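If you want the building blocks of each chain, they are given just below.
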Amino acid sequence: MQNNPDERRIEIAGLDYIGFLGANDQNIKKVAANFECTISARGHYIILKGEKAEVDQVEKVFTELILLFNRNDSLQPEDIDVVVSVVKQDMPFKQPAERNGDWPAIIYTKDTAIKPKTGGQLDYVQKVDNNDLVFAIGPAGTGKTYLAVALAVAHLRDKFISKIVLTRPAVEAGESLGYLPGDILEKVDPYLRPLYDALDDMIPQEKLQKYIQTRIIEVAPLAYMRGRTLNNAFLILDEAQNTTPGQMKMLLTRLGINSKAIVTGDITQIDLGRNLESGLIQVQSVLKDVPGVDFVYLNDQDVVRHRLVREIIKAYDSYNHE
């Protein structure tokens, strides 16, 4: 005989039923395999019947799965496994120290799920969720730019914004733009290439070209931002350590209504002249107490490239502090 029998309905009206439930309700069956309570789909509802404590758990599972499905337009088997595991272990969602890297995807590509892989990266994603302006500061390989682009693409997909603007300062490390062939856009293309590469990974080529042609996605050098107001947009400033304080202020004051921005940079890789202050260093003091602005500091523990990258960063840090 069951203790505290309970019946509950979870509304799924408005969802793509086949996408959410899976062919032949396979997603429901996958959840049900982990619990003793009865789970079934009827019309606009998922019906749960069983012991109250377990029904509470299954309700948490489906609540999280609905959020995931609305964000990603799909459910992967590994998503269900992770959510069930978190709920059954009574762990809170979005806690870096306890999720062990198994966090929901930001977006899915044809090859992989793009998701936080470290506690620092999860902190980064959460701060972007909760603030309109986030500064991500850390060394190479920590996913600063890649995650920023993924978050922007997810916001565009979910229609939270209608435009993505990605920009970088064209500051050369020991080279001169004047010696490069072509017009100004061709000259700065090498500086913008990492942003295009990230977009290529996340958006099918035909759709990406359409977005660029219609200026739904714009990739441009920082100098092209002056005098503009960006409404309903997601703005990314990459390599921000190479902005001057004036350029940083100019860029940040482009933000318009219903816009978000991520500023990324590595303050150990400044290519400005010796007499120029980095806008990324100054802004940490200027905006530290402004509501809606937050900072995330990534380190060698957040490096997700080849294992040697982490060791290289640690070696340079040690050498510079000797």
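The coordinates are above.
All of these numbers come straight from a predicted model, not from anything done at the bench.

Participant: It is not clear to me how the overall build of the chain should be interpreted in this structure. Could you clarify?
Facilitator: For the chain, the helix and strand inventory stands at 12 helices and 11 strands. In the chain, which comprises 322 residues, the proportion classed as buried is 47%. Pairs at least 24 residues apart make up 69% of the contacts formed inside the chain by residues separated by at least 6 positions. Of the roughly 17,200 Å² of accessible surface on the chain, a fraction of 49% belongs to carbon and sulfur atoms.

Participant: Any chance you could explain the sheet that holds strand β9 (residues 233-237) here in plain terms?
Facilitator: In a beta sheet, neighbouring strands pair by backbone hydrogen bonds and run either parallel or antiparallel. An order of β8-β7-β9-β10-β6-β11 is seen for the 6 strands of this open sheet, with the pairing classed as parallel. In the strand order of this sheet, the two ends are held by β8 (217-221) and β11 (293-297), each with one partner. The sheet shows a mean angle of 15° between the axes of neighbouring strands, taken without regard to direction. Bridge count between β9 and strand β10 (residues 260-265): 4 bridges; the pairing is parallel. The residue of β10 that forms the bridge with L237 is V263. Those strands touched by helix α11 (residues 279-286) are β6 (133-137), β10 and β11, and its axis lies near 130° from that of β6.

Participant: Would you take a moment to explain the packing of helix α6 (residues 119-130) against helix α7 (residues 144-157) for this structure?
Facilitator: Each pair of packed helices can be summarised by the angle the axes make with each other and by the distance between the axes. Here α6 crosses α7 at 40°, and the two axes come no closer than 11 Å. Crossing handedness for the pair α6 and α7: right-handed. Listed contacts from α7 to Q121, Y124, V125 and V128 of α6 are K144, L147, A148 and L151. A class-by-class count of the residues in the contact of α6 with α7 yields 6 nonpolar, 1 polar and 1 charged.

Participant: What should I look at first to understand the packing of aromatic side chains in this one?
Facilitator: The description of an aromatic ring pair rests on the distance of the ring centres and on the angle between the ring planes. Under the criterion given, the structure shown has 4 aromatic pairs. Ring centres of F20 and F62 lie 6.4 Å apart, and the angle between their planes is 55°; on these two criteria the pair is classed as tilted. Residue F20 is found in helix α1 (residues 17-21), and its partner F62 is found in helix α3 (residues 52-72); the two are separated by 42 residues along the sequence. Like F20, the residue F62 is buried in the burial classification. On the numbers, 6.4 Å between centres and 10° between planes, the contact of F295 with Y297 is stacked. By the ring-pair criterion, three or more aromatic residues cluster together here, those being F20, F62 and F69. The aromatic ring of Y45 is capped on one face by R9, whose charged end is 5.3 Å from the ring centroid.

About the thresholds
Each residue is numbered by its place in its chain's sequence as written, counting from 1. Per-residue local features are limited, in this predicted model, to residues with pLDDT of at least 70; the limit for side-chain atom pairs, both in listing and counting, is 80 or more; totals at the level of whole chains, interfaces and linings are taken over all residues. Side-chain numbers here rest on the full set of heavy atoms in the structure, without hydrogens or water. Helix and strand definitions here come from DSSP, where helices need a minimum of 4 consecutive H or I residues and strands a minimum of 2 consecutive E residues; each element is numbered from the N-terminal end. For every residue, the accessible area obtained with a 1.4 Å probe (protein chains only) is divided by the maximum for its type, and the residue is called buried under 20%, exposed over 50%, and partly exposed between those limits. It only takes one pair of heavy atoms within 4.5 Å for two residues to be counted as in contact. Each accessible area is a Shrake-Rupley result for a 1.4 Å probe, and residues are judged covered by the shown protein chains and nothing else. Strands were regarded as paired on the criterion that DSSP finds at least two bridges between them. Axes, fitted as lines to C-alpha atoms, cover a helix only where it is in contact. Angles between the N-to-C directions of the axes lie from 0 to 180 degrees. Each helix crossing is assigned a hand: it is left-handed if the near helix lies turned anticlockwise from the far helix by less than a right angle, otherwise right-handed if that turn is clockwise. Under this grouping Gly is polar, as are all residues other than the nonpolar Ala, Val, Leu, Ile, Met, Phe, Trp, Tyr, Cys and Pro and the charged Asp, Glu, Lys and Arg. Only the six-membered ring of Trp is used, alongside the rings of Phe and Tyr, when aromatic pairs are assigned; centres must lie within 6.5 Å, and planes under 30 degrees apart are stacked while those over 60 apart are edge-to-face, with the rest tilted. Over a ring means this: the NZ of a Lys or the CZ of an Arg is within 6 Å of the ring centre and within 35 degrees of the ring normal.

Interpretation in functional terms is not warranted from these geometric data alone.
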